[in-house]
Amino acid sequence: MKPEEQQLAALRSELNYDKTNKCVQCGYCLPACPTYLTMGVETHSPRGRINLVKMAGEGKIKDLSVLEEPLDLCLGCRACETVCPTGVEYGAILESARAAITRRKTFTVPQKAMRNLLFKKVFPSRKAMNLIGNAMWVYEKSGVQKLARKSGLMKKLPAHLGEFEKITPPAVAPAQRASLPAFTPAKGERKYTVAMFVGCVMDAMFRRINQLSVQLLAEVGCDVIVVENQTCCGALHAHTGELDESKNLAKKNILAFARNDVDFIVNNAGGCGAMMVEYDHLLADEPEWAERAEQFVKKTKDISQVLVLCGGIQGEKRSAERVTYQRSCHMTNVQKVTEEPVSLLNNLSNVDLIEMNNANMCCGSAGIYNIVNYDASMEILDHKMKDVKETETTTIVTTNPGCLLQMKLGIEREKMGDRVRAVHLIEYLAERSGMINAADQSLS
């Protein structure tokens, strides 16, 4: 084999080229793709992106940077996989191609330093994420937040960060942050022993939801263990082309959770769960890890699945409320968890669950997509908010932190804050069961 043929064969393997051959270019994916619907061009559709990867694998595209913009503008929602009649593994193709581009890309020194800091030092470190969480609390309670908002400084931040600062959840005090116990016993008869995956962004910005998750699991009969050496799930790394680092994090989590004999490994974030249930695919080419990854995946569950297995949450008699559920793409299209959140909401008294039109369509959050591709994200969000308005509901329930922030942003953009709110499913269940106060959202 000639050197150029060897190089092309290696590139094909790197790009997951063989998986592109399943795509028959039928177009079933087009109506399900948010970016194709808003942008209207083939290069921003699943089959268009697959075709670009295929052409690169065949040597027809020599410069992989040509693929960068179309792939960057993909949300990675994977709705195309759900509707695909031939079972194309679009997610695997997308992440392999992004990784191939990243390996060949020349980053500036500041860019390289920032990526190393975030992906290797910050996200994988629970200490670092705790420091960020504590810093947010100081920022909020010291008066700096009020001053920054009043001065108009927020409007001058790059990448529309001022808009996102407005919708960040209230920070948890350092004393409360330290109070997540290593073990929480089940209330009453124990049904299962579970290990709680706390995540990185979830634990820094949404610690309160983690606390409520542990309490709800204990309430329905689970012994809950919080594993000390767990780390970031690796989703952000995989989505940004750092696939090798994602594999390293997967291995660390597999080792950490294997030290405890539990029935389930429970997460409360659609994106984290989607990454974790694919650890077996991620490590399939490494024989020494493949079987351990499969065992990890078998135990991985979204919290809604475990709550339903335990009989659900018995809500208190509260005032009637119209609610709509914003489905997490990664829960729907990757984890295939669709019925359990709906079942939990329908089980609550005086809750009228209204399904929105285009319920499975992405909201435009997609990790950090709404920051790095703000305009494209907002166009998708505007479509979503039209569907929300039609439900005439007062509460939007989500199961993913990115979706939660995106829906809060949508409420702000539409000036609906006086009549509509967005909450995580766990917050809503805790509220309707009397665990927290709906007015001040404090732990009761």
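What counts as what
Residues numbered from 1 in each chain as written. Predicted model: local features only at pLDDT ≥ 70, side-chain atom pairs only at ≥ 80, totals over all residues. Heavy atoms only, no water. Helix = DSSP H or I, 4+ residues; strand = E, 2+ residues; numbered from the N terminus. Buried < 20%, exposed > 50% of the residue type's maximum accessible area, 1.4 Å probe, protein only. Contact = heavy atoms within 4.5 Å. Pairing = 2+ DSSP bridges. Axes fitted to C-alpha atoms, helices over the stretch in contact; angles between N-to-C directions. Salt bridge = Lys/Arg side-chain N within 4 Å of Asp/Glu carboxyl O.

Digging into the environment of Arg104
Consideration 1: For Arg104, the position within the fold is in helix α7 (residues 90-104).
Consideration 2: The exposure class assigned to Arg104 is partly exposed, which follows from its relative accessible area of 45%.
Consideration 3: Remark: the alpha-carbon pair of Arg104 and Glu58, spanning 46 residues in sequence, is separated by 18 Å.
Consideration 4: Once you skip the residues sitting within four places of it in the chain, Arg104 turns out to touch Leu11, Glu14 and Leu64.

Some points on the sheet that holds strand β4 (residues 264-267)
Consideration 1: Pairing is mixed across the open sheet formed by 5 strands, whose spatial order is β1-β3-β2-β4-β5. Looking along the sheet, the strands with just one partner apiece sit at the ends: β1 (183-184) and β5 (300-302).
Consideration 2: Direction of pairing for β1 relative to strand β3 (residues 222-225): antiparallel, over a ladder of 2 bridges. Its bridge partner lying in β3, Thr184 is registered against Val224.

Focus: the sheet that holds strand β8 (residues 395-398)
Consideration 1: Ordered in space as β7-β6-β8-β9, the 4 strands form an open sheet in which the pairing is parallel. Every other strand in the sheet has two partners, leaving β7 (351-353) and β9 (421-424) as the edge strands with one partner each. Each strand of the sheet is rotated relative to its neighbour by a mean of 35°, with strand direction disregarded.
Consideration 2: Pairing analysis gives 3 bridges linking strand β6 (residues 321-326) to β7, with the strands arranged parallel. Residue pairing in the sheet places Arg322 in a bridge with Asp352 of β7.

Structural notes on the pairing of β4
Consideration 1: Burial along β4 is two-sided: Phe264 and Val266 and Ile265 and Asn267, pointing in opposite directions, are all buried.
Consideration 2: Here strand β2 (residues 192-196) pairs with β4 via 3 bridges, running parallel. Considered in β4, the bridge of Ala195 is made with Ile265.
Consideration 3: Examined bridge by bridge, β4 and β5 share 3 bridges and lie parallel to one another. Bridging from a neighbouring strand, Ile265 pairs with Thr300 of β5.

Some remarks on unusual backbone geometry
Consideration 1: At Asn16, a position not held by glycine, the phi torsion is positive, near 60°.
Consideration 2: As for its placement among the helices and strands, Asn16 is situated in the loop between α1 (3-15) and α2 (17-20).
Consideration 3: Positive phi outside glycine occurs at Ala366, with the angle close to 50°.
Consideration 4: Take Ala366: it is sitting in the loop between β7 and α23 (369-372).
Consideration 5: Of the residues examined, Ala366 reaches a relative accessible area of 28% and is grouped as partly exposed.

Re the pattern of salt bridges
Consideration 1: If you walk through the whole model with that rule in mind, you get 26 salt bridges.
Consideration 2: The partner of Glu321 in a salt bridge is Arg421, with the nearest N and O atoms 3.3 Å apart. Separated by 100 residues along the polypeptide, Glu321 in strand β6 and Arg421 in strand β9 bring together distant segments of the chain.
Consideration 3: Across the pair Arg413 and Asp382 runs a salt bridge, and its minimum N-O distance is 3.2 Å. Pair noted here: Arg413 is in helix α25 (residues 401-413) and Asp382 is in helix α24 (residues 374-391), with a separation of 31 residues, a long-range link.
Consideration 4: Bridged by salt links that share partners, the residues Glu14, Arg103, Arg104 and Asp244 form one connected network.

These figures capture arrangement, not role.
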